[in-house]
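# Inside the fold
Next come the chains, spelled out residue by residue.
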Amino acid sequence: MTVGRESGCGPGGGKVAIRRLAWPMLVAVVWCVVAVTVFPLRTAFRIGADEAFEFTKGRLYSDGHRLYSEVWNDQPPLHTMLLGTLFRWTGPTALAGRLLTVLFTAGLLVSFFALVERREGPGTAAVATLFLFLLPPFLELGLSCMLEMPAFALGMMATFFWVRGWERGTWADFAGAGVLAGAAWMTKLTAGLLLPAMALEGLRLARGRWREARGRVVWWMVCWLAGLAAVVGLVWALHPAMTVTQLLGVHFAGRTREMAGMGGGTRFSWMTFWFLGYAGVPALLGVGLRWARGCSGTVLLPFTWLATVTVAHLVNRPYWAFYQLHFVFPLAWLAAVGLKEVAGLAWSALAGGRSGVAVVRSLGWTALLAGLLALAGVHGGWALVRQVHELRSVPSVEEMHMVGTLRSYGDRIRWAYSDDAMYVFQAGYKVPPELGVLSFKRRHGAGFTGSDVLAVLRRYEPEALILPPYEDYSPAWREFLGRYRVVDADERMALFVVRGLAGGESGRADRGGVSGSAAGGRD
């Protein structure tokens, strides 16, 4: 059973030949070269909000600490396993972790281009790929050592093989799609946002052929499930301490939702579509024009994906800024379709004759196309320029002088702790495993308080701490910090070092300890 496309709604089917992959492969190679040469992957202190969590988990895993039993983790382990293995080969550097993401992004670009190309042809696929770079935060997350891009890269590859499996009728494609889907979900569960779109696309492609080939369809689903189960089962066998409660509990905990609901910045806003309007407007036109032509099935997959992520983020909290990536892929696809449809209508009207009506139609569609291109060119181009400028201007490790101060203690420090673990990682040390991830969801959903942090610190007695210097510390914290001296500070943090290492040196901050002023509270 081989399934084609609706007549007149897209290019013909067929296998993806090597020559058809030449352009996306070239884009992927160019991406890797630009990422390495243009952006400060080696020197940037931080790219992306959650890099500290991933670097810390990778460092601890590479040193033999077990996830879930020693290292608290509310995410699947596959990315940490890959990153930790890479750290064992190259050493725990930010460059290694970011290059891993760059490679995942290259794979995503190839699979996204190939998926759109099967539906719309190479020209539309190229435009859709260009839109990815115009829509933030694709560029940032394509460089940052975070989970979103690897998870959706694997999910995009899985979707490509799933669609190709229905078109070609080969069990190997379905098995590959299952393996990749399992890998995506074992990287981050949000890759499951693709599942409804995949399911509806499969139902569409199988429509009208169920009776004649239901035996093969059942076999294909068995192959897909077997591939998925093999990966999930293997990963789970390697991490028997991982539980469903750990992966899902804190995300849906009532306290997490309650605290997220107290801040408007942690809720999804419909203004997202306004800010991305230079893609949203042509995307809306693309869906509408395809529906008017009776070809809505060709955009069912990206439209369902867009609807799924919108509903999911409306319902679930918190909503972080980098979740905007979930909207980028379907919007880029649909925006390219919209430009294609308007360009086709303008050309058809022009070729329809020289009558007054034909000329008016041609001018109307051409003006609309020009407006859409201007909208994307000006607003999208400015968004790209702004992203590039911001990423090239992020503070470097050298600018964070406390990292240098901490490094100066060399092997006299075994354990270090910071509320912002990026300081510790960039200095070349590691935090106590139980404190590797102190996220919003752990603090609120899991109820891990400052007293719990202090209890862990008392056990490990780290030689260095990087903490806010002017918090309202409790008596227990003041008693603990009495063993330390402040040897360096900036406007956000202070470096506390045990008195035996600090000696009598003078530094930037008052050596008397910590202030009791009330800029915040730590129980």
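See above for the structure.
Here's a quick rundown of the structure. (Residues numbered from 1 in each chain as written. Predicted model: local features only at pLDDT ≥ 70, side-chain atom pairs only at ≥ 80, totals over all residues. Heavy atoms only, no water.)

### So, the overall build of the chain
Within the chain one finds 23 helices and 6 strands. Every one of the 523 residues in the chain was classed for burial, and the buried ones make up 54%. Considering only intrachain contacts with a sequence separation of at least 6, the fraction spanning at least 24 residues in the chain is 76%. Working note: accessible area of the chain is about 22,200 Å², and carbon and sulfur atoms make up 64% of it. (Helix = DSSP H or I, 4+ residues; strand = E, 2+ residues; numbered from the N terminus. Buried < 20%, exposed > 50% of the residue type's maximum accessible area, 1.4 Å probe, protein only. Contact = heavy atoms within 4.5 Å. Areas by Shrake-Rupley, 256 points an atom, 1.4 Å probe, with all protein chains shown as cover.)

### Overview of the pattern of salt bridges
Summed over the entire model, instances satisfying the criterion amount to 20 salt bridges. For Arg66, the salt bridge goes to Glu70, with nearest N and O atoms at 3.3 Å. Through salt bridges with shared partners, one network takes in Arg118, Arg119, Glu167, Glu201 and Arg204. (Salt bridge = Lys/Arg side-chain N within 4 Å of Asp/Glu carboxyl O.)

### As for the environment of Met146
Tracing the backbone through its elements, the reader meets Met146 in the loop between helix H6 (138-143) and helix H7 (148-168). Its relative accessible area of 3% is what places Met146 among the buried residues. Not counting residues within four places of it along the chain, the set of residues in contact with Met146 comprises Gly48, Ala49, Asp50, Glu51, Glu54, His79, Thr101, Leu141 and Phe322.

### Concerning a nonpolar patch on the surface
Residues Trp23, Leu26, Val30 and Val34 make up a contiguous nonpolar surface patch of about 380 Å² in total accessible area. When you line up the elements, Val34 lands in helix H1 (residues 22-38). (Patch = residues over 30% accessible without salt bridge, like charges linked within 9 Å, V, L, I, M, F, W, Y side chains within 5 Å.)

### Quick word on the packing of helix H4 (residues 94-120) against H7
Taken N-terminus to C-terminus, the directions of H4 and H7 make an angle of 30°; their axes are 8 Å apart at the nearest point. Overall, the two elements H4 and H7 adopt an arrangement that is roughly parallel. Crossing of H4 over H7 shows left-handed handedness. Taking contact as the criterion, the partners of Thr101, Phe104, Thr105, Gly107, Leu108, Ser111, Phe112, Ala114, Leu115, Arg118 and Arg119 in H4 are, on H7, Met149, Pro150, Phe152, Ala153, Leu154, Met156, Met157, Thr159, Phe160, Val163, Arg164 and Glu167. (Axes fitted to C-alpha atoms, helices over the stretch in contact; angles between N-to-C directions. Parallel < 35°, antiparallel > 145°, perpendicular 65-115°, else oblique. Left-handed = near helix turned anticlockwise from the far one by under 90°.)

### Description of the packing of H7 against helix H9 (residues 195-206)
Helices that pack against each other are described as a pair by the angle of their axes relative to one another and the distance between those axes. In contact at an axis separation of 10 Å, H7 and H9 are set at 10° when each is read in the N-to-C sense. Here H9 runs roughly parallel to H7, going by the angle between their axes. Pair H7 / H9 crosses with right-handed handedness. Residues Ala158, Thr159, Trp162, Val163 and Trp166 of H7 lie in contact with H9, whose contacting residues are Met198, Glu201, Gly202, Leu205 and Ala206. Its residues assigned to classes, the contact of H7 with H9 shows 7 nonpolar, 2 polar and 1 charged. (Nonpolar A, V, L, I, M, F, W, Y, C, P; charged D, E, K, R; others polar.)

### Considerations on helix H21 (residues 450-460)
Among the residues of H21, Gly450, Val453, Leu454, Val456 and Leu457 are the ones counted as buried. Seen along its axis, H21 keeps its buried residues to an arc of 165°; they face one direction. Where the residues of H21 are buried, they touch strand S1 (416-418), strand S2 (464-467) and helix H22 (475-481). One or two steps after H21, the chain reaches Glu461, where phi turns positive at roughly 45°. (Arc of directions from axis to C-beta.)

### Considerations on the pairing of strand S5 (residues 494-498)
Among the 5 residues of S5, 4 are classified as buried, and the element is accordingly described as predominantly covered. Bridge count for S2 against S5 is 4 bridges, and the pairing is antiparallel. Paired with Leu465 across the strands is Phe496, a residue of S5. Both strand S4 (residues 484-489) and S5 contribute to a ladder of 5 bridges, which runs antiparallel. In the sheet register, Tyr484 faces S5, and the bridge partner there is Val498. Linking S4 to S5, which pair antiparallel, is a turn of 4 residues. (Pairing = 2+ DSSP bridges.)

### Considerations on the packing of aromatic side chains
Within the structure shown, the criterion is met by 32 aromatic pairs. With a centroid separation of 5.9 Å and 75° between ring planes, the pair formed by Trp162 and Trp166 is classed as edge-to-face. Placement of the pair is Trp162 and Trp166 together in helix H7, with a separation of 4 residues, close to one helical turn. Relative to Phe273, the ring of Phe268 lies with its centre 6.3 Å away and its plane at 80°, an arrangement referred to as edge-to-face. The class for Phe268 is buried, based on a relative accessible area of 11%. Given a relative accessible area of 22%, Phe273 falls into the partly exposed group. One aromatic cluster is present, formed by Trp31, Phe112, Phe133, Phe138, Phe152, Trp305, Phe329 and Trp333 through successive ring pairs. Over the aromatic face of Phe448 sits the side chain of Arg442, whose NZ or CZ is 3.8 Å from the ring centroid. (Phe/Tyr/Trp six-rings, centres within 6.5 Å; stacked < 30°, edge-to-face > 60°. Lys NZ or Arg CZ within 6 Å of the ring centre and 35° of its normal.)

### Section: the nonpolar core
As a rule of thumb, nonpolar side chains are buried together in soluble globular proteins. In terms of nonpolar packing, the biggest core is built from 142 residues, with Phe112, Phe138 and Phe329 touching the most fellow members. Per-element accounting of this core gives the leading share, 15 residues, to H4. Setting aside its immediate chain neighbours within four residues, Phe112 contacts Ala128, Thr129, Leu132, Met156, Phe329, Ala332 and Trp333. (Core = buried A, V, L, I, M, F, W, Y, C linked by side-chain atoms within 4.5 Å.)

### Topic: the sheet that holds S1
The sheet built from 4 strands is open, its strands ordered S1-S2-S5-S4 with mixed pairing. A single partner strand is all that each edge strand has here, and the edge strands are S1 and S4. In this sheet, adjacent strand axes meet at a mean angle of 20° when their direction is disregarded.

### Thoughts on the environment of Ser62
Mapped onto the elements, Ser62 comes out in helix H2 (residues 51-62). Placed 20 residues apart in sequence, Ser62 and Leu82 show a C-alpha to C-alpha distance of 9.6 Å. Among all residues touching Ser62, those that are not within four sequence positions of it are Gly84, Phe87 and Arg88.

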